Amino acid sequence: MLPAAASANNEAALQIPDIAYTRFVLPNGLTVVVHEDHKAPVVAVGIWYHIGSADEPAGKTGFAHLFEHLMFSGSENHKGTYFQPFELAGATDQNGTTWFDRTNYFETVPTTALDMALWMESDRMGHLLGAIGQKELDTQRGVVQNEKRQGENRPYGRVDENILAKTYPANHPYHHDTIGSMNDLNAASLDDVKQWFKSNYGAANTTLVLAGDITVAQAKQKAAEYFGDIPAGPPVARQQPWITPLAASTRGVQHDHVAQPRITRTWVVPQLGTDAAIQLNLASTVLGGGKTSRLYQRLVYQDKLVDDVSASLSDFALANQFQIQADVKQGVDPARVEAVIAEELKKFLADGPTQDELDRAKVASRANFIRGLEKVGGFSGKAVILAQGQVYRGDPGAYKKDLARTAGASIASVKQAADQWLSKGDYELTVLPAGKDFDPAVEDRAVVGLSDAANRPAPLLPPKQAYSVGKSLVDRRKGVPEVSQFPALSFPKLERGKLKNGIEVILAERHTIPVTQVELLFDSGYAADQGHKLGTASFTSTLMNESTKDLDSVEIAKRRQRLGAMTSVGCGLDTCSASLDTLNDQLQPSLTLFADIVRHPAFNNGDIERVRGQWLAGIAQEKTQPIGLALRTLPPLLYGSQHAYGIPFTGTGSEAAIRSLTAADLGTFQQDWLRPDNVRILVAGDTTLAKIIPQLDAAFGDWKAPESAVPKKNVTAVAAQPKPRVFLINRADAPQSLILAGLLAPSSKAVDDLAIQTANGAFGGTFTSRLNMNLREDKRWAYGAQSLLMDAQGQRPFLFYAPVQTDKTAESAAEVLKEARAVIADKPLTDAEVAKIKDQSIRSLPGSYETTGDVLGAMQGIVLYDRPDDYVQTMKSRLEGISPAAAETAIKEIVKPDAMTWVIVGDLKKIEAPVRALNLGEVQVIDGDGQPVH
């Protein structure tokens, strides 16, 4: 036990972090929230429209999300794709998302590109409709429908639709999912989408958040300049909270192409911002928040009935969902799992949490919040926290109330909320593996909603307010503001030191939040499996997360929670790593725990058997996922069985190997590879070399290496395939096919690596690349298509990736091949394409290293690929030196259409004949292990 640490953290939990902000409202009703953070020369721009799928009328499901896509089609004063100016300016974290209660658009841009970003956001807010025609609607409709197919093609991909329909009444705003139905998407007309914009996208229904390197005075001037003339728009009816707890518990069964049964119990509970939501969130951590939780302890450790179980609270504006989810072990009756969940829930409702459980949940909650403060934008940074408070609760600082209520929660308050809301009715859905006659279309039609069990609150109209519109201060005829200057990159200078046993330490100081990250980087990885039992590296590292010679896995997890620390051990292709992310006030005890995990793993038989069962279930799950199947089968085909990379790139190995692994195998791997003479320690965060070396010495300085030599990995060069090959994997009834084609590229250590990356960016590595614009924006056959370069110390895989609608599988493969042939022949990369990627890469540098994790990632590349310490600082000049000829030479070195190895996963009864007719190469049908199917 760590009473002192726990006491310190209880006091820390009372300290509420502050995100200082200023809020003002323009005359047209636009709300602006500004947060100053000058640590990096970037500004996060977020536009939140208070409209989402919950506001869609009957027969118009999916409209909010479809319109989000249309907003990227261009505007009246900027024709063409919306992404292009942002790519040229070096924007990061750019995206748009739709949810039940809002639609948001965001990007992080260099400070000098702020005018461009605000011009673009305001132009599509105020000047969009003239740019949307039938072509744009049809294009984005096709893209969205392929997004829907892609989601449904994943195991359990139809679960959310089922649960929403069964937990909310038929006229509840949350009765349908955000992406909507195919029929409604097909029925969407140009008039429909234009009316959606006119009704909901006015300035008075919008919040603009600016967070980063900006002042309040600048924000006021720029907001008025770019948005002041946009009409307020009509009043928007505001949905009211409507909590509809089920009167009784009901059950449903759904079949899908899954490897194991999954049970999900769902309760409808009070919405975000309520005290009940705060208490239930803590209850979810105690019940199902990881290894220390009640359900995990009982179902995984004690009774061994499930491979995983969790509890969570989903925050929505009108009503929340509390869920318990369990993946049932093969051969176990789901009814036994149901009974144990019910038993543990009954105990919790009767007694509530213990004080220790509650304290640990509070510390974990606060630590996660603090870690989120390092980023200004993106999906979860400070701009998002402020925007959510303003849009949903009219208060950008609402997070403080939630943190205060979390800190003040008691055993009694958590028990009371849980008893009030979780003793009511729930919907329990069991997903079972599908039989041979499974038809997902028929099953989907069987999903029906509940009757209207409650009177729906009338939508609340905002108070009548006379918003004036300012005169335009922008001459939009001049087009998008030019971005001609760019801020300099700020990246910490690397410092090096050594522990007393010779282990090298590399430090990057980053004094943004009081957190330090430590990573032990071992030269091993999946590649060390070659010639041995496949999966040994990952299995060994996973078992190191379990127990030490003095602490069992539950006690380790409890100590982590009390410290607010995060530890993990895992492997990639070339490396295994052990990492620690800790608050500085708990660094010393966290390092002590971390060192025990790394140096003294127990490899207990009980842990091995428990993890083995979970692992085998995970491999079975991989074989139900298109991308899992492809990543298991393609690398051995590319590299051959004698190469270190000729293994499944998931790292999970084979069932036979995992079944045969023993504690001795794991100990041998650790002794051979995870040792002090095969490691470098990377540190990034709020510390100095003078401080961290003694602390690391105390933890690792007396670690002695074995006398044996570190083994070698076979990463010798592999010749290109002499002819193209096609391997088909059957996934019956799949609504999409996955096309994954592979070639071999030079190592990440290659001297022309940046030229290779630049060429790939133009060909298939960015949104506006050739491959994506062809299959997504032009053909509408895919939600997205791209080419990928996976980093590796040896030859790395160059992959063509395209999940496409089933009836266009052969045509899509033909387009991929056409683009591959053209780029090395009659349609080489243009000067403009290469210049665009270079500009994007250079200009995005200031925003690419905003977090400590970003810095640590760059340090990994420096260490792994023998790069100089000033690699990041000098990248600009090296990128500037790449010529179009160098990029073209690089792409020609890699793209060899007649050597491509294709793996296509889909419904063979629909795709096999058309693919064979393409004559891409010799065709063979294989199973999920890469073995021929006759």
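Scroll up to find the structure this text is about.
Residues numbered from 1 in each chain as written. Predicted model: local features only at pLDDT ≥ 70, side-chain atom pairs only at ≥ 80, totals over all residues. Heavy atoms only, no water.

(A) Focus on the overall build of the protein chain. Along the protein chain, the regular secondary structure elements total 34 helices and 23 strands. For the protein chain, the spread of C-alpha atoms along the principal axes amounts to about 80 × 75 × 65 Å. Counting only residues that meet the buried cut, the protein chain has 60% of its 934 residues in that class. Within the protein chain, counting contacts between residues at least 6 apart in sequence, those at least 24 apart form 83% of the total. As displayed, the protein chain has an accessible area near 34,800 Å², and 51% of this comes from carbon and sulfur atoms. Across the protein chain, 96 positive and 109 negative side-chain charges occur, with their mean positions spaced 1 Å apart. (Helix = DSSP H or I, 4+ residues; strand = E, 2+ residues; numbered from the N terminus. Buried < 20%, exposed > 50% of the residue type's maximum accessible area, 1.4 Å probe, protein only. Contact = heavy atoms within 4.5 Å. Areas by Shrake-Rupley, 256 points an atom, 1.4 Å probe, with all protein chains shown as cover. Lys, Arg positive; Asp, Glu negative; His and termini not counted. Charge placed at Lys NZ, Arg CZ, Asp CG, Glu CD.)

(B) Examining the packing of aromatic side chains more closely. Under the counting rule described, the total for this entry stands at 30 aromatic pairs. Relative to Tyr645, the ring of Tyr639 lies with its centre 5.4 Å away and its plane at 90°, an arrangement referred to as edge-to-face. The exposure classification of Tyr639 matches that of Tyr645, with both residues buried. One residue, Arg124, lies across the ring of Tyr82, its end atom 3.7 Å from the ring centre. The ring of Phe24 has Lys220 lying over it, and the distance from NZ or CZ to the ring centre is 5.7 Å. (Phe/Tyr/Trp six-rings, centres within 6.5 Å; stacked < 30°, edge-to-face > 60°. Lys NZ or Arg CZ within 6 Å of the ring centre and 35° of its normal.)

(C) Main features of the sheet that holds strand β8 (residues 262-269). With mixed pairing, the five strands of this open sheet are ordered in space as β7-β11-β8-β10-β9. The strands lining the two open edges of the sheet, one partner per strand, are β7 (250-256) and β9 (306-314). Ignoring which end each strand starts from, the neighbouring axes of this sheet average 15° apart. Bridge count between β9 and strand β10 (residues 320-328): eight bridges; the pairing is antiparallel. Counted as the bridge partner of Ala311 is Ile324 from β10. Strand contacts of helix α16 (residues 411-422): β8 and β10, with the helix running at about 105° to β8, the strand carrying the most contacts. (Pairing = 2+ DSSP bridges. Axes fitted to C-alpha atoms, helices over the stretch in contact; angles between N-to-C directions.)

(D) Examining the environment of Gly90 more closely. Mapping Gly90 onto the fold places it in the loop between α3 (83-89) and β4 (92-98). A relative accessible area of 2% means that Gly90 is categorised as buried. With residues up to four places along the chain from it excluded, the contact list for Gly90 reads Pro110, Gln840, Arg843 and Ser844.

(E) A look at the sheet that holds strand β22 (residues 901-906). With respect to topology, six strands assemble into an open sheet ordered β20-β21-β19-β22-β18-β23, the strand pairing being mixed. The strands lining the two open edges of the sheet, one partner per strand, are β20 (786-789) and β23 (922-926). Going across the sheet, the axis of each strand differs from the next one's by a mean of 20°, ignoring polarity. Across 10 bridges, strand β19 (residues 736-745) lies against strand β21 (residues 796-805) in antiparallel orientation. Note that in β21 the partner of Gln736 across the bridge is Gln805. In this fold helix α5 (residues 134-152) packs onto β19 and β21, with an angle of close to 110° to the strand it touches most, β21. Each of β19, β21 and β22 is contacted by helix α28 (residues 809-823), which is oriented at about 145° to β21, the strand it contacts most.

(F) The arrangement of the nonpolar core in detail. Of all hydrophobic cores here, the largest spans 75 residues; its most connected members are Leu520, Phe539, Phe594, Ile681, Leu696 and Phe700. The element that contributes the greatest number of residues to this core is helix α20 (residues 587-599), accounting for seven residues. Among all residues touching Phe539, those that are not within four sequence positions of it are Ile608, Val611, Arg612, Trp615, Ile658, Leu661 and Leu666. Judged by nonpolar contacts, the second largest core, of 68 residues, contains Val726, Leu728, Tyr849 and Val895. (Core = buried A, V, L, I, M, F, W, Y, C linked by side-chain atoms within 4.5 Å.)

(G) Structural detail: the pattern of salt bridges. Under the counting rule described, the total for this entry stands at 63 salt bridges. A salt bridge links Lys836 to Glu87; the shortest N-O distance between them is 3.9 Å. With Lys836 in helix α29 (residues 831-843) and Glu87 in helix α3, this residue pair connects regions lying 749 residues apart in the sequence. The burial state of Lys836 is the same as that of Glu87; both residues are buried. The partner of Arg360 in a salt bridge is Asp356, and the shortest N-O contact between them spans 3.1 Å. On the criterion of helical spacing, the pair formed by Arg360 and Asp356 is a turn pair, its members being four residues apart in helix α13 (residues 355-371). Residues joined in a network through salt bridges with shared partners are Asp37, Lys39, Asp93, Lys375, Lys382 and Glu850. (Salt bridge = Lys/Arg side-chain N within 4 Å of Asp/Glu carboxyl O.)

(H) How the structure looks around helix α12 (residues 334-351). Taking 1.5 Å of rise per residue, 18 residues should cover 26 Å, and α12 covers 26 Å from first to last C-alpha, within 8% of that figure. Regarding α12, the residues found buried are Pro334, Val337, Glu338, Val340, Ile341, Glu344, Leu345, Phe348 and Leu349. Following α12 by one or two positions, Gly352 adopts a phi angle in the positive range, close to 75°. (Expected span 1.5 Å × (residues − 1).)

(I) Main features of the state of the cysteines. Enumeration over the complete set of coordinates arrives at one disulfide. Sulfur-sulfur distance for the disulfide between Cys571 and Cys576 comes to 2.0 Å. Between Cys571 and Cys576 the sulfur-sulfur dihedral comes to about 95°; the bridge is accordingly right-handed. (Disulfide = S-S within 2.5 Å.)

(J) The arrangement of the pairing of strand β3 (residues 42-49) in detail. Most of β3 is tucked away: eight of the eight residues are buried. Of the two faces of β3, the one lined by Val42, Ala44, Gly46 and Trp48 and the one lined by Val43, Val45, Ile47 and Tyr49 are each fully buried. Here β3 pairs with strand β5 (residues 103-110) via eight bridges, running antiparallel. Looking across to β5, one finds that Val45 is bridged to Glu107. Here β3 runs beside strand β6 (residues 206-212); their pairing, made up of seven bridges, is antiparallel. Residue pairing in the sheet places Val45 in a bridge with Leu210 of β6.

(K) Summary view of the side chain of Arg599. Within the element layout of this structure, Arg599 appears in helix α20. Classification of Arg599 by relative accessible area gives buried; the value is 17%. Side-chain polar atoms of Arg599 contact the backbone oxygen of Ala699, separated by 2.9 Å. What Arg599 contacts, discounting residues up to four positions off in sequence, is Gln670, Ala699, Phe700, Asp702 and Trp703. (Polar contact = N/O pair within 3.5 Å; in protein donor to acceptor, adjacent residues only side chain to side chain.)

(L) Layout of unusual backbone geometry. Backbone geometry places Asp93, a non-glycine residue, at a positive phi of 55°. With respect to the helices and strands, Asp93 occurs in strand β4. Unusually for a residue other than glycine, Lys304 sits at a positive phi of about 55°.

(M) Summary view of the packing of α13 against helix α19 (residues 553-563). With their axes 7 Å apart at the nearest point, α13 and α19 run at an angle of 55° to one another. In terms of their interaxial angle, α13 and α19 are classed as oblique. Seen from above, α13 lies across α19 with left-handed handedness. Each of Asp356, Arg360, Val363 and Ala364 in α13 lies in contact with α19, whose residues at this interface are Lys558, Gln561, Arg562 and Leu563. (Parallel < 35°, antiparallel > 145°, perpendicular 65-115°, else oblique. Left-handed = near helix turned anticlockwise from the far one by under 90°.)

(N) Region of the structure containing the environment of Val332. Tracing the chain through its elements places Val332 in the loop between β10 and α12. You can call Val332 buried: its relative accessible area is 16%. In this structure the C-alpha to C-alpha distance between Val332 and Lys304, which are 28 residues apart in sequence, comes to 9.4 Å. Leaving out residues up to four positions away in the same chain, Val332 has contacts with Leu305 and Val337.

(O) Structural view of helix α33 (residues 884-894). Of all the residues in α33, the buried ones are Ala887, Glu888, Ala890, Ile891 and Ile894. The buried residues of α33 occupy an angular sector of 160° when the element is viewed end-on, so they sit on one face. Turned more than 90 degrees away from the buried face of α33, the exposed residues are Ala885 and Thr889. Close packing links the buried residues of α33 with β19, α26 (753-765), β21, α28 and α29. (Arc of directions from axis to C-beta.)

(P) Just the packing of α26 against α33, in detail. Closest axis-to-axis distance for the α26/α33 pair is 8 Å, and the angle between their directions is 80°. The angle between the axes of α26 and α33 places the two elements in the roughly perpendicular class. Taken together, the residues of α33 that come into contact with α26 (itself represented by Ala755, Ile756, Ala759, Asn760 and Phe763) are Ala886, Ala887, Ala890, Ile891 and Ile894. For the contact of α26 with α33, the per-class residue count stands at nine nonpolar, one polar and no charged. (Nonpolar A, V, L, I, M, F, W, Y, C, P; charged D, E, K, R; others polar.)

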